[in-house]
Amino acid sequence: MIDYLNPTGVFLKFSTISSGDIFGSIVFLLQFILKLVISTKGIVFIAVLLLAASLIIGLVFSGYFGMVNNVLEGRPKIKGEFSAGFRKYFGRVFLMSFILLLFSILFVLFMLIASVPALVITKAAFAGKPGLYVTTVLVDLITVSVLFFGFMFFRIYMSFWYPATISYGKRAFTIGKRTADAFFWGLVRRFLAIDIVFILSQVIFINIGGSLAVFAVKWAFYTIFFTFLVTYVFALFSSITALNNKKNRVKEDDDE
């Protein structure tokens, strides 16, 4: 609905980002976030927003996560499976989502600040200072690498936190991190392929306009894409966990 209605207010304010250059957009975002963080009203607004978003995630996805986990563990389908998952996992999913969203804001803020030096040097180089070209390339490569791997680390570890919590409960983040560590580069390749598909879809949607038919197609695509993404993360966690358990059993047998 947000995508279709394009409401005014905050969303209209953010639309001004696209009218400036990249540096101006980054500075605008930093100013906007910092104003929220350093003011009492801003902190209250962020807290209410995070609580509302976490509540929605808990209400919608706690039952769904339980259903997906039951399928992957080979449990027979039962009546009221979604409700049972909601009652069992709502508290965990709600708390995790609040922490995840809070860390996401801090992470984005950190990444924006980390990108400013590269943007300043790049802008100066293109403004007619050829002596900065070599420095610009070096700083940009370092910055892009930090942003890419930082984003991948954050997303993979946070994503695996959910299935670890549903499957194990206690020490979920540690278990999720260890599982991701065991197959990190394979996960990077898979997440990168998913990112490419999503980016290409957005390019296509931008170029075909914003009619009601396009909205319906986008709605269907987002539903299928994000349902697949959630299920795929759970399936990856399950398969890697099973593989690690098998390796541990083989090692124990060899030791004996």
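Calculation notes
Residues numbered from 1 in each chain as written. Predicted model: local features only at pLDDT ≥ 70, side-chain atom pairs only at ≥ 80, totals over all residues. Heavy atoms only, no water. Helix = DSSP H or I, 4+ residues; strand = E, 2+ residues; numbered from the N terminus. Buried < 20%, exposed > 50% of the residue type's maximum accessible area, 1.4 Å probe, protein only. Contact = heavy atoms within 4.5 Å. Areas by Shrake-Rupley, 256 points an atom, 1.4 Å probe, with all protein chains shown as cover. Salt bridge = Lys/Arg side-chain N within 4 Å of Asp/Glu carboxyl O. Arc of directions from axis to C-beta. Expected span 1.5 Å × (residues − 1). Bend = angle between axes of the 7 residues up to and from the residue. Axes fitted to C-alpha atoms, helices over the stretch in contact; angles between N-to-C directions. Parallel < 35°, antiparallel > 145°, perpendicular 65-115°, else oblique. Left-handed = near helix turned anticlockwise from the far one by under 90°. pLDDT = per-residue confidence, 0-100.

### Some points on the overall build of the chain
Here comes step 1: When you go through the chain residue by residue, the secondary structure sums to nine helices and zero strands.
Here comes step 2: For the chain, the α and β elements follow one another from N to C terminus as α-α-α-α-α-α-α-α-α.
Here comes step 3: Within the chain, buried positions represent 30% of all 256 residues.
Here comes step 4: Contacts in the chain between residues far apart in sequence, at least 24 positions, make up 69% of those at least 6 positions apart.
Here comes step 5: Here the chain has roughly 16300 Å² of accessible surface; of this, 74% comes from carbon and sulfur atoms.

### Notes on the pattern of salt bridges
Here comes step 1: For the structure on display, the rule yields four salt bridges.
Here comes step 2: Lysine 77 serves as the salt-bridge partner of glutamate 81, at 3.5 Å between the closest nitrogen and oxygen.
Here comes step 3: Owing to a relative accessible area of 8%, glutamate 81 belongs among the buried residues under this scheme.
Here comes step 4: Two residues, aspartate 195 and arginine 155, come together in a salt bridge whose shortest N-O distance is 2.6 Å. Here aspartate 195, found in helix 8 (residues 184-207), pairs with arginine 155, found in helix 6 (residues 133-168); they are 40 residues apart in sequence, far enough to count as distant.
Here comes step 5: Assessed through its relative accessible area of 17%, aspartate 195 is described here as buried.
Here comes step 6: On the basis of relative accessibility, which here comes to 18%, the residue arginine 155 falls in the buried class.

### Quick notes on the environment of threonine 174
Here comes step 1: For threonine 174, the position within the fold is in helix 7 (residues 172-182).
Here comes step 2: Sequence separation between threonine 174 and tyrosine 157 is 17 residues; the distance between their C-alpha atoms is 9.4 Å.

### Describing helix 7
Here comes step 1: Residues Ala172, Ile175, Gly176, Thr179 and Ala180 constitute the buried set of helix 7. Down the axis of helix 7, the buried set is contained in an arc of 130 degrees. They therefore lie on one face.

### What to know about helix 5 (residues 81-126)
Here comes step 1: In a regular helix each residue adds 1.5 Å, so 46 residues correspond to 68 Å; helix 5 covers only 59 Å between its end C-alpha atoms and thus falls short of that length.
Here comes step 2: The sharpest bend along helix 5 reaches about 60 degrees and sits at tyrosine 89.
Here comes step 3: Backbone geometry just after helix 5 places glycine 128 at a positive phi near 115 degrees.

### Some remarks on the packing of helix 6 against helix 7
The axes of two packed helices give the description: the angle between them and the distance between them.
Here comes step 1: At a closest axis distance of 7 Å, the pairing of helix 6 and helix 7 adopts a crossing angle of 125 degrees. Classified by the angle their axes make, helix 6 and helix 7 are oblique. Relative to helix 7, helix 6 is oriented so that their crossing is right-handed. Side by side, helix 6 and helix 7 meet where Ile156, Tyr157, Met158, Phe160, Trp161, Ala164, Thr165 and Tyr168 of the first sit next to Ala172, Phe173, Ile175, Gly176, Lys177, Thr179, Ala180 and Asp181 of the second.

### Here we look at the confidence of the model for the chain
Here comes step 1: A residue-level look at the chain finds 86% of positions with pLDDT of 70 or above and a mean pLDDT of 82.
Here comes step 2: Averaged over each element, pLDDT in the chain is lowest for helix 2 (residues 10-14) (48) and highest for helix 6 (90).
Here comes step 3: Confidence over residues 7-12 falls short of pLDDT 50; this stretch has four contacts with residues more than four positions distant or in other chains.

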